[in-house]
Amino acid sequence: EFNDWERKSEYAMKRDEAAGCWWITCTGFEAGKEYMFQYMTGNEDTRLRLSDPYSEITYSDKDQWISTSTYPDLRAYPTATKGYVSAFEIGREAYDWQVTDFEIEDKDDLIIYELLIRDFTDKRNLQGVMEKMDYLENLGINAIELMPVQEFDNRHSWGYDPNSYFALDKDYGTREMYKKFIDECHRRGIAVLFDVVYNHLTGASTLAKMYFRHCRTGANNPWFNQVTPHPYGVYHDLNHADPFVSGLVKESLVYLLNEYKIDGFRFDLTKGFTNITCDEG
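Residues numbered from 1 in each chain as written. Predicted model: local features only at pLDDT ≥ 70, side-chain atom pairs only at ≥ 80, totals over all residues. Heavy atoms only, no water.

## Overview of the sheet that holds strand β15 (residues 264–267)
Pairing in this open sheet of four strands is parallel, and the strands run β8-β9-β10-β15 from one edge to the other. Two strands in the sheet have a free side with no partner beyond their single neighbour: β8 (112–115) and β15. Between one strand and the next, the sheet's axes are offset by a mean angle of 25°, whatever the strand orientation. Pairing analysis gives four bridges linking strand β10 (residues 191–196) to β15, with the strands arranged parallel. Note on β15: the bridge partner recorded for Val196 is Phe267. The strands touched by helix α6 (residues 243–260) are β10 and β15; relative to β15, the strand with the most contacts, the crossing angle is about 145°. (Pairing = 2+ DSSP bridges. Helix = DSSP H or I, 4+ residues; strand = E, 2+ residues; numbered from the N terminus. Axes fitted to C-alpha atoms, helices over the stretch in contact; angles between N-to-C directions. Contact = heavy atoms within 4.5 Å.)

Right, dumping it as structure tokens:
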């Protein structure tokens, strides 16, 4: 947003072949202020505007439907661009965790409540779940498994259509609200598990969009299988034999453990993690 979403030569990224990455140094940012950004690739005919797949927060034009009670002070989506937009903030205030030493008492004796935030209460957000914590605790459960909350495409889906693994979906609340909910669960002795979807990403994902041909992943995409090698294909199938993909998954899991103090995961569609073709199996 600091160059009005236009291509300008002073913001062209530089290539470091030895490190295998593109880079740029930007200055003049204020601590505590969020800045939106995208990457732009291609020429005039193939231009793409892309979010950062490692971004902790993304914005899209679907955000206009999010209520202020769900996400107070939500920033307006920039009309001068399109697609998912990333953001960063220098010196962002850290969340003050009230429970810092929570541990699951017995991992072999979990009574898990699977919860879809959108359908659990009329408020359809984390605030609504927080208001029902007495009810959940009185059920005698000791773990809550949240159905997918990593950024997903369809506002009315169950979340199994992810496009980003580091950003949590704003339809349910702010990053601070997620942490406040987890903190409250821990205070009550309830573990929090995330249902995570690492088999596939949608076409809105930066990693899919960068190498796209018609309605499917391009054959030159280094991270996806153009044709799903197993009978469990959904959206765009990640190639888990690729070192970058396996690294991405591991970094995402570590991030969720450290940043949100998640206690465990339920892996969706694990059969799809294989890259063995049907005739090989």
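Back to the write-up after that little detour.
## Section: the pairing of strand β9 (residues 143–146)
Side chains Ala143 and Glu145 project from β9 onto one buried face, and the interleaved Ile144 and Leu146 project onto a second face that is buried too. One ladder, built from four bridges, connects β8 with β9; its direction is parallel. Note on β9: the bridge partner recorded for Leu115 is Leu146. (Buried < 20%, exposed > 50% of the residue type's maximum accessible area, 1.4 Å probe, protein only.)

## Quick look at a negative patch on the surface
Taken together, the side chains of Glu105, Asp106, Asp108 and Asp109 present a region of like negative charge at the surface. Here Asp106 shows up in the loop between β7 (85–89) and β8. (Patch = residues over 30% accessible without salt bridge, like charges linked within 9 Å, V, L, I, M, F, W, Y side chains within 5 Å. Areas by Shrake-Rupley, 256 points an atom, 1.4 Å probe, with all protein chains shown as cover. Salt bridge = Lys/Arg side-chain N within 4 Å of Asp/Glu carboxyl O. Lys, Arg positive; Asp, Glu negative; His and termini not counted. Charge placed at Lys NZ, Arg CZ, Asp CG, Glu CD.)

## Focus: the packing of aromatic side chains
Each aromatic ring pair is characterised by the separation of its centres together with the angle its planes make. Applying the stated criterion to the full structure yields 21 aromatic pairs. Ring plane angle 40° and centroid distance 6.5 Å describe the contact between Phe120 and Tyr135, whose orientation is recorded as tilted. Here Phe120 is found in helix α1 (residues 117–120), whereas its partner Tyr135 is found in helix α3 (residues 133–138), with 15 residues between them in sequence. On the numbers, 6.3 Å between centres and 45° between planes, the contact of Tyr198 with Phe267 is tilted. Within this pair, whereas Tyr198 is found in the loop between β10 and β11 (200–201), its partner Phe267 is found in strand β15, the two being separated by 69 residues in sequence. With a relative accessible area of 33%, Phe267 lands in the partly exposed category. (Phe/Tyr/Trp six-rings, centres within 6.5 Å; stacked < 30°, edge-to-face > 60°.)

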